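Understanding the architecture of this molecule
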Amino acid sequence: MAAVVLATAGYDHKIRFWEASSRVCTRIVRYPDSQVNCLAISQDKLYMAAGGHPHVRIFDVANPSNSSPIAEFSHCGNVTAVGFQHDRSWMFSGSEDGTVKIWDLRAPPRCQRTYEMLGADGRPSACTSVTLHPRQSELVTGDHAGLVRVWDLAADKCSAELRPTDGELSPIRSVAIASDGSSLVAGTNDANLYAWRPSGSKHFELEHAAHEDGSGHTCILKCSISPDAQLLVTTSSDKTAKVWSIARGWTLEKTLAQHQRWVWDASFSADSAYLVTASSDHSARLWDLQSGAAIRYYSGHSLAVTCCALNDSST
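An account of the accompanying structure is given in this report. Computed from a predicted model, the values in this text were never measured in an experiment.

1. Observations regarding the pattern of salt bridges
A full pass over the atoms with the stated rule returns 13 salt bridges. In this structure, D33 and R57 form a salt bridge, with 2.9 Å as the shortest nitrogen-oxygen distance. Residue D33 is located in the loop between β3 (24-30) and β4 (38-41), and its partner R57 is located in strand β6 (residues 55-60); the two are separated by 24 residues in the primary sequence. A residue is classified by how much of its surface remains accessible, and D33, at 42% relative accessible area, is partly exposed. Relative accessible area serves as the criterion here: at 8%, R57 is assigned to the buried category.

Written as structure tokens, this is what we have:
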């Protein structure tokens, strides 16, 4: 099993695997009929899920000679989020068709559940982001209607609906939850940032709300919380990624500003010391978060890089 799995993908219909330290592209997997919107690596580093339009495809990471998907599922629209349950018995995907689906990965793979995100008018609202609670028993979603919803998988229903503001809602672009469940964050289309803390079973208290997140961001594209639950990164259409200290009251720690175009995605290393970012400038970068310096530059894509995935965990 590889010690580090690093992959990038985007509009050029290719998934590239990289040797992180040398910046050498070691493998290219083609995704011929769509751009790739999102990537996820299983905890055991054996499989990668890629979401496009309208497919979810799973690839064998452990066998580089096999470039064909080992499983494929479909939505009725663009797939915006994918992820694996911890022991890989199932996975989830979210789509602009307004649904989140849970796929049973045991043979034969099948759709086990479907949850619909409905707007105030009762019509489906595009799902923009999905993340799995560390308890593995809840999914958190963000949608175009501007709502954050918590789905209780045991009860098979939406257990909480979080409205970030009493005013006009902006589409949620990204949601993230801390590894210890202590924080739930959402970033919006108009660069607002919201953070909740759990306050008892099924209840969340809004802890932090920042208009335009205090950074000058023009549109938040991705929120991600570090594995140690101490840092938040937000990426943006303003060509930057910004790193915030959760422990110090959501204060801005560093601005990572070497990309030349929109920064779409970000993925932390397992020790929370490094960050990979993906950008429309056709590149990905590896950042040392202590110094704020870009220490690796991954080039080779011919179009925008819209997603990245990193798994360097030891378990």
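2. Considerations on the pairing of strand β17 (residues 184-188)
Side-chain positions along a regular strand alternate between the two faces of the sheet. Buried residues dominate β17, accounting for 5 of its 5 residues. Neither face of β17 is exposed, since L184, A186 and T188 on one face and V185 and G187 on the opposite face are all buried. Relative to β17, strand β16 (residues 172-177) runs antiparallel, the two sharing 5 bridges. The residue of β17 that forms the bridge with I177 is L184. Of the pairings in the sheet, the one linking β17 to strand β18 (residues 193-198) comprises 4 bridges and is antiparallel in character. Within the sheet, the bridge partner assigned to L184 lies in β18 and is W196.

3. What about the nonpolar core?
Counting 16 residues, the largest nonpolar core has I15, F17, V36, L39, M48 and A50 as the members making the most contacts within it. Of all the elements in the fold, those that place two or more residues in this core are β1 (5-10), β2 (14-19), β4, β5 (47-51) and β28 (305-311). Top contributing element to this core by residue count: β1, with 3 residues. Non-local contacts of F17, meaning those with residues more than four positions away in its chain, are made with V5, L6, A7, V24, C25, T26, R27, V29, M48 and V61. Counting 14 residues, the second-largest nonpolar core is a separate cluster that includes A178, A191, L193 and L232.

4. Section: the environment of Q112
Structurally, the position occupied by Q112 is in strand β11 (residues 110-116). For Q112, a relative accessible area of 34% translates into the label partly exposed. Through-space distance from the C-alpha of Q112 to that of Y274 is 36 Å; in sequence the pair is 162 residues apart. Excluding its chain neighbours within four sequence positions, the residues that come into contact with Q112 are I102, W103, D104 and R106.

5. Thoughts on unusual backbone geometry
A negative phi holds for most residues other than glycine; trans holds for most peptide bonds. Look at the link from H53 to P54: it is a cis peptide, with omega at 0°. For R23, which is not glycine, the phi torsion reads 70° and is therefore positive. Within the secondary structure, R23 is located in the loop between β2 and β3. With relative accessibility at 46%, the residue R23 sits in the partly exposed group. In this structure, D156 is a non-glycine residue whose phi angle is positive, near 60°. Along the chain, D156 falls in the loop between β14 (148-152) and β15 (157-162).

6. What to know about the pairing of β1
With 6 of 6 residues buried, β1 is to be regarded as a mostly interior element. Where burial is concerned, the two faces of β1 agree: the one with V5, A7 and A9 and the one with L6, T8 and G10 are both buried. Relative to β28, β1 runs antiparallel, the two sharing 6 bridges. In the sheet register, A9 faces β28, and the bridge partner there is C307. Both β1 and β2 contribute to a ladder of 4 bridges, which runs antiparallel. Paired with L6 across the strands is W18, a residue of β2.

7. Overview of the sheet that holds strand β9 (residues 90-95)
Strand order in the open sheet formed by 4 strands is β8-β9-β10-β11, with antiparallel pairing between adjacent strands. Looking at which strands have only one partner, the edges of the open sheet turn out to be β8 (79-84) and β11. Direction aside, neighbouring strands of the sheet carry axes that sit 20° apart on average. Note that β9 and strand β10 (residues 99-104) share 5 bridges and pair antiparallel. Counterpart to G94 in the pairing with β10 is V100.

8. Some remarks on the layout of surface pockets
In this structure, the second largest pocket occupies an estimated 240 Å³ of space. Elements supplying a minimum of two residues to the lining of the second largest pocket: β1, β2 and β3. With 3 residues, β2 is the largest single contributor of residues to the lining of the second largest pocket.

Thresholds, definitions, all that
- Residues numbered from 1 in each chain as written.
- Predicted model: local features only at pLDDT ≥ 70, side-chain atom pairs only at ≥ 80, totals over all residues.
- Heavy atoms only, no water.
- Salt bridge = Lys/Arg side-chain N within 4 Å of Asp/Glu carboxyl O.
- Helix = DSSP H or I, 4+ residues; strand = E, 2+ residues; numbered from the N terminus.
- Buried < 20%, exposed > 50% of the residue type's maximum accessible area, 1.4 Å probe, protein only.
- Pairing = 2+ DSSP bridges.
- Core = buried A, V, L, I, M, F, W, Y, C linked by side-chain atoms within 4.5 Å.
- Contact = heavy atoms within 4.5 Å.
- Axes fitted to C-alpha atoms, helices over the stretch in contact; angles between N-to-C directions.
- 1 Å grid on protein atoms, 1.4 Å probe; cavity = no way out; pocket = protein on both sides within 12 Å on 5 of 7 lines; lining within 4 Å.
- Points joined across faces, edges and corners; volume = space filled by probe spheres on them.

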